[in-house]
2 protein chains.
Amino acid sequence: MEHKIADLPNGKTNGAHPEIHELDASKLTITLADPSARAVPDEITANSGNETICTDHMISCTWSHTSGWATPELKPLGPISLHPTASVLHYATECFEGLKAFRGFDGKLRLFRPNLNANRMLMSTLRISLPGFNPAELEKLIAALVRVDGAKWLPASRPGSFLYLRPAIIGTQAQLGVQAPKEALLFITLSFMPRLDAAVGGMKLHTNPEDMVRAWVGGFGYAKVGANYGPSLLATAEAKERGFGQILWLYGPEGYCTEAGASNFFLVWRAKESEGGKLQIITAPLDDKLILDGVTRRSVVALAKERLAGEVEVVERKYTIDEVLEADKEGRIVEAFAAGTAYFVTPVSLIHHRGQDVVIPMANGDAGVYTNKLKGWMKDIMYGNEQHPWGVVIDEA
Amino acid sequence: MEHKIADLPNGKTNGAHPEIHELDASKLTITLADPSARAVPDEITANSGNETICTDHMISCTWSHTSGWATPELKPLGPISLHPTASVLHYATECFEGLKAFRGFDGKLRLFRPNLNANRMLMSTLRISLPGFNPAELEKLIAALVRVDGAKWLPASRPGSFLYLRPAIIGTQAQLGVQAPKEALLFITLSFMPRLDAAVGGMKLHTNPEDMVRAWVGGFGYAKVGANYGPSLLATAEAKERGFGQILWLYGPEGYCTEAGASNFFLVWRAKESEGGKLQIITAPLDDKLILDGVTRRSVVALAKERLAGEVEVVERKYTIDEVLEADKEGRIVEAFAAGTAYFVTPVSLIHHRGQDVVIPMANGDAGVYTNKLKGWMKDIMYGNEQHPWGVVIDEA
């Protein structure tokens, strides 16, 4: 253990080999589907089944270790054909991203900080031994898909609505044996996704069973790789059976609070009098690589620092469930919420831990004042009520 | 954290719902490929490319939460078609098994303790929230595939050769969102696999970099789920670049020795004089669920206890890399080997840890006396030189 894994490469795959091609969005070929073949369902119908409803097209680009990235294609949505021995089906050589495309109240299509997703996807793909790429090219491919399907599937007649983008990279080499895949596939879909940010009565969290840990120091909790998700389903299903929305994942014998389900977790509380008694927004830190560096998390932290300065202090540090229980006993807890792309900003109303309930005060209908403020600011940026550099307009001309 | 995840269910999926079907090998339908379409390559050619060469057929069986297991099919080998939003491609809802089919020197086809693989597959599928089944039915499906393809692909003219069976279950539901899949697919392939048990000069191990841990207590290191493999590739690739064969995965600040690559790890050493000075075969224990309960590991332990009794003591306990270094300094290390289905019993010749080399004595050509004895006994059972209950003959009538 005398060394650490060296800094991961920068995503360039050719190095001294010009015959190995970089991912190049400018080469994108476009094959359009028959636009009359499928009608666009309303949001409720689209989200009511057991299958995700995708738009007419997808983006697809193959990679091989000998020739690099092939020509990216925008083409009609269709199945992916894999050999039964394909790496991804056995060894979880897979990573993904999730971001939304928004139809603004000003009629414009926007993405929210897509560069952060593209950068994180690069980090994830390298962590799971899949090929690197220039994140700016992925961003362009994402924008191209939104541009082609946006007018029909996210029409100007539905301001305030969104669709969900799912870029993924999978190892496709058809060879058994535990090794880095020599072939891979990048694909991007655009689909409906339910609105998950307003659970009736707030989201209820149950701390994890003691024999189930989500991530660990030296692991890969910070990367958006499939391996973080499948193994968490068992505990989550059990919590749901007990009437809870998600697991609050604790870490280590100290019981550090880390993530809520697959979202980041925030608490608004008043610090102890002995520690100044200030109002604080607290969340787990990124430095031990246990948790995902969420785009919503980053945005919450930045907006709170900028717009709640003097009013609420932003604290990124390790804190334990015992601190939460103590704050609850002392009446210092003010609000709590989960933050992520899928769940956006979801008020948390209860934390259940070892037979104890921490009931989180709720106000303003079903969310706290600060939860609502932060959520509102982000919504305004996403839907164009506030012109802001985080809201990246997709040109539909 | 007041509870532990309840004992996993027994694999029965219907419970009180008779309309939900169990996996039933007796229903197997058989569609044969044209046997003249593909010739059987020799072993070296078959293993020389970047693609696994499978036999003519595969077994496939779909599952859904509303109807259970469908009719299993034995059919010509072909690709698997998945929707781009299929669970397995994003959330690593996947598990697998690996076992070999042997053509004996007595002309018979055999599997080696296939019930252990089938039982472990049940444990793995439930851990990763995929459907359960009766392990005996999986065993029958495995045998059916070997029976159909054995005569051509593992012919009596090639005694002493083997093919590799890969049963896998994947989550196929085409819905994004982190949830247990409502649809799944079981498939089994039979293929060539290189002989990996005799690295020239022995296998060299490098301890893991300090920022990469394979598995952790409360995780899923004991289950054969994809999520254990993809994340390990980065460290393994780095070790290979430095001239080592696999990572020796250490655990915790104590540096407990756990697995060698994706194999179990055994050391033969002489205990300290203060502890009796006996010859011991030592390997990590299963009780903290960090390591895989390997079929080869079990067999080594059982054979050593039975056939080396009085000569070598079998010890399953936690032991640290520091103990290994100390034993090396004191000249107490006798042999070391990795044990698993793919690598069988592979002699280990060197362990590199923090700038120090532990050189393992080698004898009898390139393996130690006990390594060779254990390997020989298992080979004799696998290839029918010894009639033993572990060698399960596949009836080819």
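Residues numbered from 1 in each chain as written. Chains lettered and ligands numbered in written order. Predicted model: local features only at pLDDT ≥ 70, side-chain atom pairs only at ≥ 80, totals over all residues. Heavy atoms only, no water.

Caption draft 1: Broad picture of the pairing of strand β16 (residues 313–316) of chain B. All names here are of chain B. With 4 bridges joining them, strand β15 (residues 279–283) and β16 adopt parallel strand pairing. Bridged to Ile281 within β16 is Val314. The parallel pair β15 and β16 is bridged by helix α6 (residues 295–307), and the resulting crossover is right-handed. (Pairing = 2+ DSSP bridges. Helix = DSSP H or I, 4+ residues; strand = E, 2+ residues; numbered from the N terminus. Right-handed = clockwise from strand over helix to strand, strands pointing away.)

Caption draft 2: How the structure looks around the pattern of salt bridges. A complete count under the given rule lists 40 salt bridges over all chains for this structure. A network of salt bridges, in which partner residues are shared, links Arg38, Asp56 and Lys152 of chain A. (Salt bridge = Lys/Arg side-chain N within 4 Å of Asp/Glu carboxyl O.)

Caption draft 3: Up close: the interface of chain B and chain A. Listed per partner, the contact involves 81 residues of chain B and 81 residues of chain A. In total, chain B and chain A occlude about 7200 Å² of area from one another, counting both sides; carbon and sulfur atoms represent 61% of this. Taken together, chain B and chain A are joined by 0 salt bridges. Put simply, chain B and chain A have 28 residue pairs in polar contact (both at pLDDT 80 or more) between them. (Contact = heavy atoms within 4.5 Å. Buried area = accessible area lost by both parts, 1.4 Å probe. Polar contact = N/O pair within 3.5 Å; in protein donor to acceptor, adjacent residues only side chain to side chain.)

Caption draft 4: Local environment of the environment of Val345 of chain B. All names here are of chain B. In this structure, Val345 sits in strand β18 (residues 344–353). For the pair formed by Val345 and Arg297, sequence separation is 48 residues and the distance between their alpha carbons is 9.3 Å. When neighbours within four sequence positions are excluded, Val345 is seen to be in contact with Asp197, Thr296, Val300, Phe337, Ala338, Thr371, Lys375 and Met378.

Caption draft 5: How the structure looks around the environment of Cys95 of chain B. Residue and element names in this part refer to chain B. On the secondary structure map, Cys95 appears in strand β6 (residues 94–96). Residue class for Cys95 comes out buried when judged on its relative accessible area of 0%. Beyond its immediate sequence surroundings of up to four residues, Cys95 is in contact with Met121, Ser124, Thr125, Ile128, Leu130, Pro167, Ala168, Ile169, Lys224 and Val225. (Buried < 20%, exposed > 50% of the residue type's maximum accessible area, 1.4 Å probe, protein only.)

Caption draft 6: Representation of the packing of helix α3 (residues 114–127) of chain B against helix α4 (residues 135–153) of chain B in the model. Residues and elements named next belong to chain B. Relative orientation of the contacting elements α3 and α4 amounts to 125°, with a least axis distance of 8 Å. Between α3 and α4, the angle falls in the class oblique. Crossing hand, α3 versus α4: right-handed. Taking contact as the criterion, the partners of Pro114, Asn115, Ala118, Asn119, Met121 and Leu122 in α3 are, on α4, Pro135, Leu138 and Glu139. Looking at the contact of α3 with α4 residue by residue, the class counts come to 6 nonpolar, 2 polar and 1 charged. (Axes fitted to C-alpha atoms, helices over the stretch in contact; angles between N-to-C directions. Parallel < 35°, antiparallel > 145°, perpendicular 65-115°, else oblique. Left-handed = near helix turned anticlockwise from the far one by under 90°. Nonpolar A, V, L, I, M, F, W, Y, C, P; charged D, E, K, R; others polar.)

Caption draft 7: Highlighting unusual backbone geometry. For Arg354 of chain A, which is not a glycine, the phi torsion comes out positive at approximately 45°. Relative to the elements of secondary structure, Arg354 of chain A occurs in the loop between β18 (344–353) and β19 (356–359). Despite not being glycine, Phe344 of chain B has its phi angle at roughly 50°, a positive value. Tracing the sequence through the fold places Phe344 of chain B in strand β18. A residue is classified by how much of its surface remains accessible, and Phe344 of chain B, at 8% relative accessible area, is buried.

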